[in-house]
Amino acid sequence: MANVLAVLEQRNGALRKGAAELLAAARQLADQLGGSVDALVCGSGAVAGTESLGAHGADRVLTATDAAFAQYAPEAIVATVKGLGAYGAVLIAATATGKDLAPRLAAAMGAACGMDVTAVSAAGGAIRVVRPVYAGKAIQTLDLAGTPVVAVRPGAYAAVQAGKAGAVEAVTVPAFSARLMVTGITAPERASLDVAEARVVVAGGRGLGEPQHFALLEQLAAAFGGEAAVGASRAVVDAGWIGHGAQVGQTGKTVAPELYIAVGVSGAIQHLAGMRTAKVIVAINRDKDAPIFKVADYGIVGDLFEIVPALTEAVAKAKQ
Amino acid sequence: MKIAICLRRVPDTTTKIVVGAGGTAIDETGVKFVPNPYDEYALEAAIALKDAAGAGETVVVALGGDAVQETLRTALAMGVDRAVHLQGTPSADGLANARVLADHLKDGGYDLVLFGKLAVDDYGQQVGAMVAELLGVPCATAITSLAVEGGRAKVTREVEGGVEAAECALPAVLTCDKGLNTPRLPSLKGIMAAKKKPLDIVPVTVPAGQVTVVSLALPPERAAGKILGEGAAAVPALVAALTSDAKVL
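Residues numbered from 1 in each chain as written. Chains lettered and ligands numbered in written order. Predicted model: local features only at pLDDT ≥ 70, side-chain atom pairs only at ≥ 80, totals over all residues.

**Examining unusual backbone geometry**
Residues and elements named next belong to chain B. Cis peptide bonds are those with omega within 30 degrees of zero, and the linkage from Leu170 to Pro171 qualifies with 0 degrees. With respect to the secondary-structure elements, Pro171 resides in the loop between β9 (162–169) and β10 (172–176). The backbone of Tyr123 shows a phi angle near 55 degrees, a positive value even though the residue is not glycine. Structurally, Tyr123 can be placed in the loop between β6 (112–116) and α4 (127–135). Positive phi outside glycine occurs at Lys247, with the angle close to 55 degrees. Along the polypeptide, Lys247 turns up in the segment after α6 (235–245). (Helix = DSSP H or I, 4+ residues; strand = E, 2+ residues; numbered from the N terminus.)

**Section: the confidence of the model for chain B**
The share of residues in chain B with pLDDT of 70 or more is 100%, and the mean pLDDT across the chain is 96. Two numbers describe this predicted complex: its pTM, 0.92, and its ipTM, 0.94. (pLDDT = per-residue confidence, 0-100.)

**Some words on the pairing of strand β12 (residues 167–171) of chain A**
Residues and elements named next belong to chain A. Along β12, only 0 of the 5 residues are buried, which leaves the element largely exposed. Bridge count between strand β5 (residues 60–65) and β12: 5 bridges; the pairing is parallel. For Val61, the partnering residue across the bridge sits in β12 and is Val168. (Buried ≥ 20, exposed ≤ 12 C-beta atoms within 10 Å, placed from the backbone. Pairing = 2+ DSSP bridges.)

**Comments concerning α6(B)**
Burial in α6(B) covers these residues: B:Val235, B:Leu238 and B:Leu242. Down the axis, α6(B) shows its buried residues gathered within 65 degrees of arc, on one side only. Exposed residues pointing more than 90 degrees away from the buried face of α6(B) are listed as B:Ser244 and B:Asp245. For α6(B), the elements touching its buried residues are β17 (280–285), β18 (298–301) and α8 (304–319) of chain A together with β13 (226–230) of chain B. (Arc of directions from axis to C-beta. Contact = placed C-beta atoms within 7 Å.)

**Some details on the sheet that holds strand β11 (residues 149–152) of chain A**
All names here are of chain A. An order of β7-β11-β6-β1-β4-β5-β12 is seen for the 7 strands of this open sheet, with the pairing classed as parallel. Strands with a single pairing partner mark the edges of an open sheet, and in this sheet they are β7 (113–117) and β12. Strand-to-strand twist of the sheet, defined as the mean angle between neighbouring strand axes without regard to direction, takes the value 25 degrees. In this sheet, β5 lies alongside strand β4 (residues 37–43) in parallel orientation, the contact comprising 6 bridges. (Axes fitted to C-alpha atoms, helices over the stretch in contact; angles between N-to-C directions.)

**What to know about the sheet that holds strand β10 (residues 138–144) of chain A**
If you walk across this open sheet you meet the 4 strands as β8(A)-β9(A)-β10(A)-β12(B), and the pairing is antiparallel. If you trace the sheet from one side to the other, it starts and ends with β8 (119–123) of chain A together with β12 (211–217) of chain B, each paired once. Taken over all neighbouring pairs, the strand axes of this sheet differ in orientation by 25 degrees on average, direction set aside. Where β10(A) meets β12(B), 6 bridges bridge the pair, whose relative direction is antiparallel.

**Comments concerning the pairing of strand β7 (residues 139–149) of chain B**
Residues and elements named next belong to chain B. Most of β7 is tucked away: 8 of the 11 residues are buried. Bridging between β7 and β10 involves 3 bridges; their strand directions are parallel. Of the residues in β10, the one forming a bridge with Ala140 is Leu174. Note that β7 and strand β8 (residues 152–159) share 6 bridges and pair antiparallel. Residue pairing across strands places Ile143 opposite Arg157, the latter belonging to β8. Here β7 hands over to β8 after 2 residues, with Gly150 in that stretch at a positive phi of 55 degrees.

**Details of the interface of chain B and chain A**
Opposite the 73 residues of chain B that make contact, chain A presents 72 residues. Those elements giving two or more residues to the side of chain B that touches chain A turn out to be α3 (94–105), α4, β7, β8, β9, β12, β13 and α6 of chain B. Here the residues of the side of chain B that touches chain A sort into 41 nonpolar, 18 polar and 14 charged. As defined by bridge partners, strand β13 (residues 180–186) of chain A adjoins β9(B) across 6 bridges and the pair is classed as antiparallel. Across the sheet, A:Leu180 pairs through a bridge with B:Cys168, a residue of β9(B). (Nonpolar A, V, L, I, M, F, W, Y, C, P; charged D, E, K, R; others polar.)

Dropping the structure here:
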């Protein structure tokens, strides 16, 4: 019997979305291990959302309170987790922050780290993880011995209603030495969804012809009513048409939205690697032989300057 | 300013992946290997920081078989001063590799140890932060800006929905993301000079890890799609498909 610890992420006193998903992964693993789920919430005060964790599968909710948790404080979280005792596995959401925290924690615990996994399960005495490698061009299965730290990719698990006690217990934050001082988070200049988080991604490539034509994609994204982000191929990011944060592919972000609309993107192998797990892929391209059509569920061949505005109008109408 | 850069040799990102006979690694036949793209941001940052400081040393370090020497020479051609080849077989366990690197780096007197954000082969994204933890020094990962002044590093990194700013004292370990800088290409002069720069070979033993590779497989192929038509006339068919078949609209 081994218990599972889910280390949850909060910002500004509220749990980040994805807490329930992570608990679903933790619940499933704990049930396989015959153990229970502890959820750890580190905050500088009360953290909104803590009360709902039992309903999503936490047997116990451990709250650690320290002024340091007003910002991301990796050393303080590591010290807190180390003070909690033995677990069969420690789960963290593989967000930007989680990917930073997981290896620190693993090294401090002398543990293996399974990064960005899409499935985690018990396998004999080990914890088995499945994870995309080569930006999704291949899938690796690893067995992790000991008490591994596993970073679970957001979206890999769906939240469940589990109806556990979720009794809240305060835990102490042991002494720690803060080495990295996070001074704050500033919102990007234009408030927009991150391509890695959006339900819909509208991505543009060289076929747009000029940087200002990204406006067409912004309009299409806007028609989805705040659910869509604009992405891009490496070619146009390297050409400076759009910021690197929008890049989808092997040297950019790996995305798995429900809908991916590739506009004027030819579909280089390294781009396909970053978006092939999207639920539905739509390709709009002038070249009917473009590789993007091989992975697209639906394709339209033709002039994007004619097709995209028509699609924008039709989507806006459908969303009404 | 003494800076180490930890380098990985990876398949070029245009590589089509073929699973090797053992079913746990890729078939390397005909694969072109390059310096890990994210490591190039680390190399550029190191060279630029040393140039700005006007003094110091840049040292590129790689763990692996003899093939990494070619990758190390590429770094030397970019302008790094010298190279160290930690000659050994890397583990599937990032922590085991981190222990070897930390052991080598700990007495090196480095102000900064730089990594790429991740290696584009195993996507492990952990060795840099682990080395920092093992060395007991500050760490910031996936940085997109860096300023070093008065023995401190100020960085920013992208997080969901914003940009996080942080700072720490040196020595520190930083991992570098795209956007930090534009890596220089090796010049012909640099390539010639690289042949004469020191490349030390240090045999190492990588400790046993806690990770076993069970399998490597190709993802399921996507079912062949459907071209709905040409031009704007096909838009209604697309919207209908997205609404009623795919149910994503």
